[in-house]
Amino acid sequence: MLGAGALALGACSPGAADAQDARYASSPFRRISDAEWRRRLGDASWRVMRHEGTERPYTSPLNDERRAGTYVCKGCELPLFRSQTKYDSRTGWPSFYDVIAGSIGTKTDFAIGIPRTEYHCARCLGHQGHVFDDGPRPTGKRYCNNGVALTFRPA
């Protein structure tokens, strides 16, 4: 069990260039077992956040969320995105053009055979989604997030 937990965390570990890692390196969220994550998150969120799955497009109620507020990590409630940065990317997943500074880590993902930038919560290492360079101004980024990995907190 311990080996499987270390493997799961290693799979989500940020790359060497990830400066945000040091702030959360001793987070208690990083010591939670896979079984406990499954109990806390439920099956759908657990598959996405702890095993880098992807929810089906257009299934998240967060796609239609338009209120002011903050999107937080479902695993540890770290604020990740402000509602002002959300936009309709027409991809079927909640999308944002900017992230709250210091809230994510990244790594290169080759799961589909081509390199993509995966991002995860800096505190609990829960997989959130992928970032692409086809977003709107001012950043040009599209943080394509799995809705089951987020909780919306209205302002």
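All residue numbers here refer to positions counted from 1 along the written sequence of the relevant chain. Restriction of local features to residues with pLDDT of at least 70 applies here, the model being predicted, together with a cutoff of 80 or more for giving and counting side-chain atom pairs; totals for whole chains, interfaces and linings are based on all residues. The basis for the side-chain values is all heavy atoms of the structure; hydrogens and waters are excluded.

Each salt bridge in this description consists of a side-chain nitrogen of Lys or Arg and a carboxyl oxygen of Asp or Glu lying within 4 Å of one another. A full pass over the atoms with the stated rule returns 10 salt bridges. Measuring nitrogen to oxygen at the nearest pair gives 3.1 Å for the salt bridge that ties R40 to E36. You can see R40 and its partner E36 sitting in helix 3 (residues 34–41), 4 residues apart, about one turn around the helix. Here's how the labels work: a residue is buried when its accessible area is under 20% of the maximum for its type, exposed when over 50%, partly exposed in between, all with a 1.4 Å probe on protein chains only. For E36, a relative accessible area of 23% translates into the label partly exposed. Among the ionic pairs, K141 bridges to D133, the shortest N-O distance being 2.4 Å. According to the relative accessible area criterion, K141 is partly exposed, its value standing at 30%. Accessibility expressed as a relative area gives 64% for D133, which makes it exposed. One salt-bridge network, in which partners are shared between bridges, spans E36, R39 and R40. Strands here are runs of E lasting at least two residues and helices are runs of H or I lasting at least four, both read from the DSSP assignment and numbered beginning at the N terminus.

Turning to its location among the elements, H130 is positioned in strand 7 (residues 127–132). Under the relative-accessibility criterion, H130 is labelled buried at 9%. Here D109 takes part through its side chain, which lies 2.6 Å from a polar atom of the side chain of H130. Polar contacts involving the side chain of H130 include one to the side chain of R116, which spans 3.3 Å. Any two residues whose heavy atoms approach within 4.5 Å at even a single point are treated as in contact. Ignoring anything within four residues of it in the chain, the contact list for H130 reads D109, R116, T117, E118, Y119, R142, Y143 and C144. Polar contacts here mean pairs of N or O atoms no more than 3.5 Å apart (in protein, one a potential hydrogen donor and the other a potential acceptor; neighbouring residues in sequence count only if both atoms are side-chain atoms).

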